[in-house]
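Next come the chains, spelled out residue by residue.
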Amino acid sequence: MALTLSELARLVDGDIVRGELDLLVDGIASLDEAGASELSFLGNEKYRALYLVTRAGAVIVPRGVEEGPEGCALIAAENPSFAFGLAVKHFVASVERTFTPGIHPKAVVDDSAKLDPAKVRIHAGAVIMAGAEIGEGSEIGPNSVVGENAKVGRDCLLYANVSVRERCLVGDRVIIQPGAVIGSDGYGYELVEGRHVKVDQVGIVEIQNDVEVGANTTIDRARFGRTVIGEGTKIDNLVQIAHNVQIGKHCLVVSQAGIAGSARVQNYVVVAAQAGVGGHVTIGAKSVLAGRAGATADLEGGQTYSGMPARPFMEEQRSRALIRQLPKLVERVKALEKKTAPE
Amino acid sequence: MALTLSELARLVDGDIVRGELDLLVDGIASLDEAGASELSFLGNEKYRALYLVTRAGAVIVPRGVEEGPEGCALIAAENPSFAFGLAVKHFVASVERTFTPGIHPKAVVDDSAKLDPAKVRIHAGAVIMAGAEIGEGSEIGPNSVVGENAKVGRDCLLYANVSVRERCLVGDRVIIQPGAVIGSDGYGYELVEGRHVKVDQVGIVEIQNDVEVGANTTIDRARFGRTVIGEGTKIDNLVQIAHNVQIGKHCLVVSQAGIAGSARVQNYVVVAAQAGVGGHVTIGAKSVLAGRAGATADLEGGQTYSGMPARPFMEEQRSRALIRQLPKLVERVKALEKKTAPE
Amino acid sequence: MALTLSELARLVDGDIVRGELDLLVDGIASLDEAGASELSFLGNEKYRALYLVTRAGAVIVPRGVEEGPEGCALIAAENPSFAFGLAVKHFVASVERTFTPGIHPKAVVDDSAKLDPAKVRIHAGAVIMAGAEIGEGSEIGPNSVVGENAKVGRDCLLYANVSVRERCLVGDRVIIQPGAVIGSDGYGYELVEGRHVKVDQVGIVEIQNDVEVGANTTIDRARFGRTVIGEGTKIDNLVQIAHNVQIGKHCLVVSQAGIAGSARVQNYVVVAAQAGVGGHVTIGAKSVLAGRAGATADLEGGQTYSGMPARPFMEEQRSRALIRQLPKLVERVKALEKKTAPE
């Protein structure tokens, strides 16, 4: 549904810098794709060049920005990306997922499963096994599997082809993207007479409330006890969480990162893309592991680390700079050798 | 079906270097496994030792090679690997996938899905959701899911357990290996009062014609607009493509590489195994990111880059060489200190 | 079922260091979670602090340890982790998977599949395609797919959403965690007139006896011939094994590692997390690639390697130490320059 510029400004809690109050905006798009009736936003200085030539009808800009492409209305907001998100919510209501309860006739729900058919949605091909429990308002995607005695809380959304193995616990309002695996066996063997003998992995995974798990991410069950993903933590795609890991609350674990067995990641930690945390290592609260960093020992909280093995960010940066200057250092040593050589 | 050596030479557009014209060849195998009635090839100098002791009846070799194991027929070709591929095509016709249209009685096709049952093949357990469209000649593998209003073009091959989420677009002649996920939510949150609040990801993924997507690879939908995989691009297994990424035409993205949000990868780029491209970074056309390289800033086209952060290949190589020579440099400085010390 | 301390000691082949012989133990838990009737263990010196304050009723400790928390019974064992595993087996019998043969009415088994319905277990939604063979005692998880003419041996356990493609061979007692893909196409193309043309991948994957494959791991079929995973090898989650790779017997390949095309990994090799092995490279028997190591050339057996490119561990360690000392080296050169400068 189209909005006028003034309605838009109110919706996103922004101020009109310029533009006609009754300009009609009927959609959203990126700076380089938007047309005369569409809204875009400038969230990153990097896109200023695109911004200056956009054909968008209106753009949400950071406060302080006053110039822009000719004829383009401007709305200033504290956080243009967040403000734009509010506009997105309005315009995409039509594509938003709606919850319609019901069990698809081609879903397979065991007789002993605990769920209220009038209050959950189970898609075609989903398999809900013996003793499994699905809370009200939850949706289990097509061809997903919820194992024996596993428990999925309220208002969860499991997409297609997700596997939740036996006895694992998923809290409320948890989102699991397609193909993710919850509760695979931890990786543990004892070498006995030249053969790796499997160490039983009889624990579970506990995923607390408001967690999100990315596509094809794998979270192993504990050897015994629980692998825990703390409340509000968001995990990206293709991440590996090994057995007995404890991840705190409100962490971010970005794509292709790996957390080895029994590691502790405290609250509000950010593990960036392709980073790794070694086994039995503790990462202190509010620290940041930069992309590709490898934590091989305990790290104090509140700092940023990078490199492999991970070191405080500035230390690692200095190290990299010195390596780039190595050719010069070699030249200086050569000059000294010449100077001090016997004539 | 067996071929004579002369038929084989004609088939692969090669020249017989030695061997009886009517030698019968009835199969293909690697140099170390082939027997007296089988064809193999020498595609890489590394395998010369294996070649010299092969028991193959015939071997395709690069032009110029004239010696070989006793009693072994030789066919010279410009590109032995490519030539062998032609022979493979002949001998493996019996194991080649053939397209037989039909909807398996245990497939689940929504009444509103758009497809011609006489011209598509939908396997057991596949779920084609409301409004989804499957083009003629396309095959949807067992237990794969095509989401609401998603569109799969003509002559596509989706293997088992693939997930294509709602509204995503898959072009013509696209191959998707098992377990791949197309259209999972992009990874985006705003920190509001200590909690990560999900930023709606309402865009889609557009996969253009002749793309291949590897097993368990994940491609996130755009926040708004489209994540694009350009025509003819081939993506390997376990690759992560984040939201709003634009990959050009005819690129190669090798296993376990990751492309972060909003990155631009221009045409004919090679991103080698385990490499990474940072968010909002542009990789120029025809450049190569070596294995494990990490591109943290825009890179000009036409060059090869390696290291983390990625630098021009030769620069990075010199740097590595200097690091290997550090012990010597330390010795030289020690010697200078001795020499200049007051007696 | 509860055990007395003396029964426990016998079960785990340990010696009672202290504690009442008839103390009753009825469960297992970690040091920080165990209560007065539960058994825990001290397997890693790192947990000594937790051990000293545990409230466990009994703890299995390494031989030689004699002090412990007040009132806590101690059992000494050669390998406390292994001993604890024996206790785990006893206490978790109730949660152990039991094999109950049968084909779920919602499984899809092709008429030409070879299996004995009285001796296999096929879960709901599993698809067993034409000509596929499932050995006695094997279990195929919900929504898993076994492709045309593929063969799964005896006493295997495939969890949910696994894909085994056509003609692949899986040995006996193989465990495949959820979402793993066996037999996806190898990644091979020829550049012809500016387009990447697919090279047919007509070989298979052969998984030998007693192998375990982790969740969402991908193993590509050979171009021709076989990609081989040797007997007793254990592969973790999200690992990539490319086409024509030959992995020896009793190897460990840890999470997110990648093995490129035609690489040879000999017996008893350990490839640690996030490591990589380049194409056509051979890794000698009993060698260890440390976490994140990248093998770009053949490596001799029996050694430990680290870094990228991978070098002998001690060499790499010295290199890292020298890099950390670079700031001092620069200072020393500066001092020399001062000293030798003309006054």
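Residues numbered from 1 in each chain as written. Chains lettered and ligands numbered in written order. Predicted model: local features only at pLDDT ≥ 70, side-chain atom pairs only at ≥ 80, totals over all residues. Heavy atoms only, no water.

**Here's the deal with the overall build of chain A**
Next, step 1: For chain A, the count of helices and strands is five helices and 39 strands.
Next, step 2: Taken over C-alpha atoms, the radius of gyration comes to 26 Å for chain A, far larger than the 20 Å a tight globule of 343 residues would show.
Next, step 3: Overall, chain A is about 85 × 80 × 30 Å in size when its C-alpha atoms are taken along their principal axes.
Next, step 4: Accessible area of chain A: about 13,500 Å², with a carbon and sulfur share of 53%.
Next, step 5: With 36 positive and 42 negative side-chain charges, chain A shows a separation of 7 Å between the mean positions of the two kinds. (Helix = DSSP H or I, 4+ residues; strand = E, 2+ residues; numbered from the N terminus. Rg over C-alpha atoms; globule rule 2.2 N^0.38 Å. Areas by Shrake-Rupley, 256 points an atom, 1.4 Å probe, with all protein chains shown as cover. Lys, Arg positive; Asp, Glu negative; His and termini not counted. Charge placed at Lys NZ, Arg CZ, Asp CG, Glu CD.)

**Description of the sheet that holds strand β5 (residues 38-41) of chain A**
All names here are of chain A.
Next, step 1: One open sheet holds the five strands; their spatial order is β2-β7-β6-β5-β4, and the pairing between them is mixed. In this open sheet, the two strands that pair with only one neighbour each are β2 (15-18) and β4 (27-28).
Next, step 2: Relative to strand β6 (residues 58-62), β5 runs parallel, the two being bridged by three bridges. When the bridges of β6 are listed, S40 appears paired with V59.
Next, step 3: Its contacts with the sheet place helix α3 (residues 80-91) against β4, β5, β6 and β7 (73-77), and it is angled at close to 155° to β5. (Pairing = 2+ DSSP bridges. Contact = heavy atoms within 4.5 Å. Axes fitted to C-alpha atoms, helices over the stretch in contact; angles between N-to-C directions.)

**Description of the domain arrangement of chain A**
Next, step 1: Each domain of chain A was delimited in the assignment, giving domain 1 (3-95) and domain 2 (102-313).
Next, step 2: Spacing between the C-alpha centres of domain 1 of chain A and domain 2 of chain A amounts to 38 Å. (Domains from an automatic or database assignment.)

**Thoughts on the interface of chain C and chain B**
Next, step 1: With 64 residues of chain C at the contact, the number on the chain B side is 67 residues.
Next, step 2: With both chains or domains summed, chain C and chain B bury close to 5,000 Å², and 55% of this area falls on carbon and sulfur atoms.
Next, step 3: The largest share of the area that chain C buries against chain B comes from Y187, H196 and F224 of chain C, three residues that together contribute 14% of it.
Next, step 4: At the junction of chain C and chain B, the tally comes to six salt bridges.
Next, step 5: In this structure, the salt-bridge partner of D298 of chain C is K46 of chain B, at a minimum N-O distance of 3.4 Å.
Next, step 6: Here chain C and chain B share 36 residue pairs in polar contact (both at pLDDT 80 or more) between them.
Next, step 7: Among the elements of the structure, β20 (181-184), β21 (189-192), β22 (195-198), β25 (218-220), α4 (313-324) and α5 (326-340) of chain C are those that each provide at least two residues to the side of chain C that touches chain B.
Next, step 8: By residue number, the principal contributor to the side of chain C that touches chain B is α5 of chain C, which donates seven residues.
Next, step 9: Class assignment for the residues of the side of chain C that touches chain B results in 25 nonpolar, 23 polar and 16 charged. (Buried area = accessible area lost by both parts, 1.4 Å probe. Salt bridge = Lys/Arg side-chain N within 4 Å of Asp/Glu carboxyl O. Polar contact = N/O pair within 3.5 Å; in protein donor to acceptor, adjacent residues only side chain to side chain. Nonpolar A, V, L, I, M, F, W, Y, C, P; charged D, E, K, R; others polar.)

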